[in-house]
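Observations on chain architecture
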Amino acid sequence: MKLSVLSEALRNLVRRPSTIRYPVARELTVAPGSRGRHYADLMKCIGCSLCAIDCPANAIAMEKLPQPLKHNPRSQYPVVDYGKCVFCYQCVFVCPVKAYVTSEVFEMADYSIYTSRDLSLATIKSGGE
Ligand code: SF4
Ligand code: SF4
């Protein structure tokens, strides 16, 4: 018994680790189609709030648009709080105009990407209607 433990310990000394040194080593891949960071394309969003109403995690807040857009009469858009989001994509499915841009990006432990606000605001084309 003791010998087998000792041999196992010796084997582990030379074995490649089962874990990776994340985030130092970024060798991670995710399965195609994995649900990652998402945000509303404001050139499509009509401000209906359906995504916010349907979100099971209460992770979406409707905010005022910084400029009027003709196709968005309520002048509001959804901001996803990635700290609350459970990435079920219910918001993506329920949107009547398919406004959500989806991705497989899952690394969001950073204050600068805490919400979808900047990503959505960047979709407004200059002189947007
Ligand atoms: S993916 Fe799910 S939890 Fe996240 S914002 Fe959309 S509806 Fe809410
Ligand atoms: S459901 Fe779609 S159109 Fe409605 S507020 Fe959300 S992103 Fe905009």
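Fair warning: this is a prediction, and the values are worked out from it, not measured in the lab.

A word on the site of ligand 1. Taken together, the neighbourhood of ligand 1 is formed by 13 residues, with C55, C85, C88, Q90 and C91 sitting nearest. Along the lines of polarity and charge, the residues of the shell around ligand 1 split into 12 nonpolar, 1 polar and no charged.

Here the focus is the environment of S116. Locating S116 in the fold gives a position in the loop between β4 (100–101) and α4 (117–121). Spatially, the C-alpha atom of S116 lies 7.6 Å from that of Y82, the residues being 34 residues apart in sequence. What S116 contacts, discounting residues up to four positions off in sequence, is Y39, V79 and V80.

Let's shift gears to helix α1 (residues 2–14). It helps to recall that an α-helix has 3.6 residues per turn; residues three or four apart then point in one direction. End to end, α1 covers 19 Å across 13 residues, agreeing with the expected 18 Å (1.5 Å per residue, within 8%). Within α1, only 0 of the 13 residues are buried, leaving the element largely exposed.

The subject of this paragraph is the site of ligand 2. Around ligand 2 sit 14 residues in total, of which C45, C48, C51, C95 and A99 are the nearest. Here the residues of the shell around ligand 2 sort into 12 nonpolar, 2 polar and no charged.

The next thing to look at is the nonpolar core. In a soluble, globular protein the nonpolar side chains are often hidden away together inside. Judged by nonpolar contacts, the single largest core of 17 residues is most densely connected at A40, I60, V80 and C91. For this core, the elements supplying multiple residues, two or more each, are β1 (39–40) and β3 (76–80). Element by element, the count of residues in this core is highest for β3, at 3 residues. Residue contacts for V80: discarding those within four places in its chain leaves H38, Y39, A59, I60, C85, T115 and S116.

This next bit is on unusual backbone geometry. Although it is not a glycine, S49 adopts a positive phi angle of roughly 75°. Within the secondary structure, S49 is located in the loop between β1 and α2 (50–54). Given 14 C-beta atoms within a 10 Å radius, S49 is considered partly exposed. Positioned with a positive phi, F87 is a non-glycine residue whose angle comes to about 55°. Summarising the element assignment, F87 is placed in the loop between β3 and α3 (90–94). Taking the C-beta count within 10 Å as the criterion, F87 has 17 such neighbours and is therefore assigned partly exposed.

Conventions adopted
- Residues numbered from 1 in each chain as written.
- Chains lettered and ligands numbered in written order.
- Predicted model: local features only at pLDDT ≥ 70, side-chain atom pairs only at ≥ 80, totals over all residues.
- Near = placed C-beta within 6 Å.
- Nonpolar A, V, L, I, M, F, W, Y, C, P; charged D, E, K, R; others polar.
- Helix = DSSP H or I, 4+ residues; strand = E, 2+ residues; numbered from the N terminus.
- Contact = placed C-beta atoms within 7 Å.
- Expected span 1.5 Å × (residues − 1).
- Buried ≥ 20, exposed ≤ 12 C-beta atoms within 10 Å, placed from the backbone.
- Core = buried A, V, L, I, M, F, W, Y, C linked by C-beta atoms within 7 Å.

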